[in-house]
Amino acid sequence: MATIAGSLADSAAGASDLLAEVGDARVKWVEVFRDHLVVHPARLNEGADIAAQLGITVATDYPATQPGFTIWSGRWRGMEMFVYGELRGATRSVRAWPA
C-alpha cells in the first residue's frame, strides 16, 4: 500500500501494513482514525525504536503525568502517525500544584 487516503477502510489497511512492518508482537494496540493512526507499543521503552523505524522524528515529552511519556509524531506513508514511548527525560522538574 503506497499512500493511505482519507477513508476508514484505508486507515485500517494502513494499520495492517504497519503491524507487518514493525512486528505484530511489538504493538499492544493501534487506534485507527480516518486521517491518523496512534500506536501503543507492547513495551513503552520500544516506542522510540518503533518511531525511528517508521521515520518519525518529532517528539513531545509529557513529564507531568505518572508515569511520564513521550509521543513521537510525523507522517508515514502519507498518514499522520503518533507513537507512544517511554519519557526521554524531563528538562525541568515537575512540581505539585499548588505549591
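1. Regarding the nonpolar core
Thinking step 1. Leu18, Leu54, Ile56, Met81 and Val83 are the most contacted members of the largest nonpolar core, which totals 15 residues.
Thinking step 2. Apart from the residues lying within four places of it in its own chain, the contact partners of Leu18 are Gly23, Val30, Val39, Leu54, Trp76 and Met81.

2. Some words on the pattern of salt bridges
Thinking step 1. One pass over the structure, following the stated rule, counts six salt bridges.
Thinking step 2. Across the pair Glu21 and Arg77 runs a salt bridge whose closest N-O atoms are separated by 3.2 Å. With Glu21 in helix α1 (residues 8-22) and Arg77 in the loop between β4 (69-76) and β5 (79-86), this pair connects stretches of sequence that are 56 residues apart.
Thinking step 3. Judged by its relative accessible area of 30%, Arg77 falls in the partly exposed class.
Thinking step 4. Salt bridges linked by common partners bring Asp17, Glu21 and Arg77 together as one network.

Rules and cut-offs
- Residues numbered from 1 in each chain as written.
- Predicted model: local features only at pLDDT ≥ 70, side-chain atom pairs only at ≥ 80, totals over all residues.
- Heavy atoms only, no water.
- Core = buried A, V, L, I, M, F, W, Y, C linked by side-chain atoms within 4.5 Å.
- Buried < 20%, exposed > 50% of the residue type's maximum accessible area, 1.4 Å probe, protein only.
- Contact = heavy atoms within 4.5 Å.
- Salt bridge = Lys/Arg side-chain N within 4 Å of Asp/Glu carboxyl O.
- Helix = DSSP H or I, 4+ residues; strand = E, 2+ residues; numbered from the N terminus.

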